[in-house]
Amino acid sequence: MNKTTITLVILILLTIISALISIVAESYVAISVLVLAVLKFIGVSFYFMDLKHAHNFWKGSILIFLLLFTTTILIIM
Amino acid sequence: MEVTKINYKNIYYPPGGILMWIIIFLELFTFGIALIAMVYSSKESPEIFHDSRLHLNATIGAVNTVFLIVSGFCMAQSVSFLKQKKINKSKLFLKLTMLGGLLFLGLKGVEYYDKIEAGFGISYNSFFTYYWMLTLFHVIHVIVGLVILTSVYLGLSKSKSETKMEDVEASAAFWHMCDLIWLLLFPIIYLLF
């Protein structure tokens, strides 16, 4: 299995886990769901979009966007 | 089929091209700010947002996420095969990519039909205003993505294809952007409140 296929399996598992968390868990739902979304976002951008081979500027920009987005959401929540 | 060796480590040549990445960041910030506004609005009337969220079908949202993720995987495979000059395999995965997009749109259509039938239109409450605006704006991106992928497919199908690798990569980047946006929309709209 190549890295892209492994990424696909992990992304599907993370999607199922995030759907289950929102039904089963009573606390820390927001942070859990957001962390899983961030992991999926990184999986798609770095492995499907091949960002892992790009200049550090682009990798850093995506990570900074994710950091700003999730922290803002968590602060508001 | 023209293939030029691109050094992706160069800051000006990210996979898909610098212009496409500028568009990707603009779109991510647009959707990101709208989602932040939605979460901020939910603080004013948390009960409405919670009750409204329960009217959404998270299973449909999760299945649609899987459709887009598998579609994104097929797109990545299509680009990979094209780089190896395996045109037929690349076209097969491109068709699978488009099938994933069509399945997404089909299921979204079913979901929209249910919501309209139940009376949850755009003006029902503030939650559904955000729901319709954000998801419809995303659906428009998916439709545009499908049109772009169709043109790439037709270009690759020509006997003397003039499609450039950069064009295919830019199209792939646009398609993955639809995936990235949905990965932000799904947890916040369907699961968070």
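Residues numbered from 1 in each chain as written. Chains lettered and ligands numbered in written order. Predicted model: local features only at pLDDT ≥ 70, side-chain atom pairs only at ≥ 80, totals over all residues. Heavy atoms only, no water.

(A) Focus on the overall build of chain A. Per the secondary structure count, chain A includes three helices and zero strands. In sequence order, the secondary structure elements of chain A are arranged as α-α-α. Taken along the three principal axes of its C-alpha coordinates, chain A extends 40 × 30 × 10 Å. Sorting the 77 residues of chain A into buried and exposed places 48% on the buried side. (Helix = DSSP H or I, 4+ residues; strand = E, 2+ residues; numbered from the N terminus. Buried < 20%, exposed > 50% of the residue type's maximum accessible area, 1.4 Å probe, protein only.)

(B) Quick peek at helix α2 (residues 29-48) of chain A. Its 20 residues place the ends of α2 of chain A 27 Å apart at the C-alpha level, agreeing with the 28 Å of an ideal helix rising 1.5 Å per residue. By the criterion of burial, α2 of chain A is predominantly enclosed, with 14 of the 20 residues buried. (Expected span 1.5 Å × (residues − 1).)

(C) Layout of the interface of chain A and chain B. On the side of chain B, 40 residues touch chain A, which itself brings 38 residues to the contact. Carbon and sulfur atoms supply 83% of the area that chain A and chain B bury against each other, a total of about 3600 Å² over both sides. It is Met-49, Trp-58 and Phe-65 of chain A in chain A that bury the most area against chain B; as a group they hold 20% of the surface buried on that side. The interface formed by chain A and chain B contains one salt bridge. Asp-50 of chain A is the salt-bridge partner of Lys-83 of chain B, the closest N and O atoms lying 3.9 Å from each other. At the junction of chain A with chain B, the criterion picks out three residue pairs in polar contact (both at pLDDT 80 or more). In terms of residue class, the side of chain A that touches chain B is made up of 23 nonpolar, 11 polar and four charged. (Contact = heavy atoms within 4.5 Å. Buried area = accessible area lost by both parts, 1.4 Å probe. Salt bridge = Lys/Arg side-chain N within 4 Å of Asp/Glu carboxyl O. Polar contact = N/O pair within 3.5 Å; in protein donor to acceptor, adjacent residues only side chain to side chain. Nonpolar A, V, L, I, M, F, W, Y, C, P; charged D, E, K, R; others polar.)

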